[in-house]
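Observations on the model geometry
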Amino acid sequence: MMKRDECLKVLARHRGDEIVVAVYKAGHEWIHISPSDLNYTFAGAMGQGSSHALGLALGRPDKRVIVLDGDGSLLMNLGTLVTIAAAAPKNLIHCVCENGTYETNGGVPIPGVGRFSFTAMARAAGYPRTYEFSDLEDWQRRVGRVLKEEGPVFVDLKVEPGELYPEDFRLLHSVERREAFRQALQKC
C-alpha cells in the first residue's frame, strides 16, 4: 500500500502541461503538491470527477487529461466507466485513489470493500488498458510510460492516508481559481 501523498508526488514529477482533475482528499493534496492553473479541483459533487474529466478530454483532444478520482466517488457513478470507454478519448488517464473508505466523510468503509476490483470493472466496461499499483517503487518505475499511453487508461492506486494537508474548500471552489483555470485553458 502506498501513502497517497507520496504516490501523488511521483505523479507530479512526471507531470508536464496536463490538465489534472482532482477531487476530494486528492484535490486538497494536489493543489499543494503540484500547483498549477491547469488544476481543476472540486469537492461536493461526489462521483462527477471522471465525468468532468471526460468533458475536458473531449473538448480539448490536444491536451492530456488526468483525473484523480476517489474510490467512493467512482462508486457513486460507476456508469462513467462505460461512458468513458464508449467515448474512447485517447488523451484521458483515469486514476482512482483506492483506500476503501469515504475518507472525506469520516472514513466510512465503502460498500463491498475488498470484494471487487476496480480494474476488472474498467476492463469489463471497455477500457483498453488498466493498471493496478500498490507498491511505490513499481509506480515510480512505470508511471512515465503509463502517462504516455493512448487512452482511455485506467489506473487503480492502492493508497492510504499520508501526510496531512490543509483542507480549504473555499480555495478548491474559489472564483479566482476557476478564472485562472479558464484562462490557462484558453492559452494552452
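Before going further, it helps to spend a moment on the pattern of salt bridges. Opposite charge on two side chains permits them to pair, given that their charged atoms come into close proximity. Enumeration according to the criterion identifies 11 salt bridges in this entry. In this structure, lysine 3 and glutamate 160 form a salt bridge, with 3.1 Å as the shortest nitrogen-oxygen distance. Here glutamate 160 lies in strand β9 (residues 153-160) and lysine 3 lies in strand β1 (residues 2-3), a separation of 157 residues in the sequence. Here the salt bridges share partners, and the residues they tie into one network are Glu98, Asp156 and Lys158.

Attention shifts here to the pairing of β9. Among the 8 residues of β9, 7 are classified as buried, and the element is accordingly described as predominantly covered. Pairing geometry for β1 and β9, over 2 bridges, is parallel. Paired with lysine 3 across the two strands is glutamate 160, which belongs to β9. Sheet topology places strand β5 (residues 92-98) next to β9; 6 bridges connect them, and they run parallel.

Moving on, we come to the confidence of the model for the chain. Chain-level statistics for the chain give a pLDDT mean of 91 and a share of 97% at 70 or above. Taking the mean pLDDT of every element in the chain, the minimum, 70, falls on strand β7 (residues 108-109) and the maximum, 98, on strand β8 (residues 129-133).

With 6 of 6 residues buried, strand β4 (residues 65-70) is to be regarded as a mostly interior element. The alternating pattern of β4 places Val65, Val67 and Asp69 and Ile66, Leu68 and Gly70 on opposite faces, both of which are buried.

So, about the side chain of aspartate 5. Mapped onto the elements of the fold, aspartate 5 is located in helix α1 (residues 4-14). Lysine 9 provides the closest opposite charge to the buried, salt-bridge-free aspartate 5, at an N-O distance of 4.0 Å. Apart from the residues within four sequence positions on either side, aspartate 5 is in contact with Glu29, Ile33, Gly162, Glu163 and Tyr165.

Counting residues in hydrophobic clusters, the biggest one holds 29 residues, and the most contacted among them are Ile19, Val21, Leu56, Val65, Tyr127 and Phe154. Looking at which element gives the most residues to this core, the answer is helix α3 (residues 49-59), with 4 residues. Residue contacts for valine 21: discarding those within four places in its chain leaves Tyr40, Phe42, Gly49, Ala53, Leu56, Val65, Ile66, Val67 and Leu68. Within the second largest apolar cluster, 27 residues are counted, among which are Met2, Ala12, Trp30 and Val143.

One can describe the packing of helix α5 (residues 79-87) onto helix α6 (residues 118-125) by two numbers: an axis separation of 8 Å at closest approach and a directional angle of 45°. With respect to α6, the element α5 is oriented oblique. Classified by chirality, the crossing of α6 by α5 is right-handed. Together, Leu81, Val82 and Ala85 of α5 and Met121, Ala122 and Ala125 of α6 make up the contact between the two elements. Taken together, the residues that form the contact of α5 with α6 break down as 6 nonpolar, no polar and no charged.

The next thing to look at is the environment of alanine 122. Tracing the backbone shows alanine 122 in helix α6. On the basis of relative accessibility, which here comes to 0%, the residue alanine 122 falls in the buried class. Separated by 37 residues in sequence, alanine 122 and alanine 85 place their C-alpha atoms 8.2 Å apart. Among residues more than four places away in sequence, those in contact with alanine 122 are Leu81, Tyr127, Thr130 and Phe154.

Thresholds applied
Residues numbered from 1 in each chain as written. Predicted model: local features only at pLDDT ≥ 70, side-chain atom pairs only at ≥ 80, totals over all residues. Heavy atoms only, no water. Salt bridge = Lys/Arg side-chain N within 4 Å of Asp/Glu carboxyl O. Helix = DSSP H or I, 4+ residues; strand = E, 2+ residues; numbered from the N terminus. Buried < 20%, exposed > 50% of the residue type's maximum accessible area, 1.4 Å probe, protein only. Pairing = 2+ DSSP bridges. pLDDT = per-residue confidence, 0-100. Lys, Arg positive; Asp, Glu negative; His and termini not counted. Contact = heavy atoms within 4.5 Å. Core = buried A, V, L, I, M, F, W, Y, C linked by side-chain atoms within 4.5 Å. Axes fitted to C-alpha atoms, helices over the stretch in contact; angles between N-to-C directions. Parallel < 35°, antiparallel > 145°, perpendicular 65-115°, else oblique. Left-handed = near helix turned anticlockwise from the far one by under 90°. Nonpolar A, V, L, I, M, F, W, Y, C, P; charged D, E, K, R; others polar.

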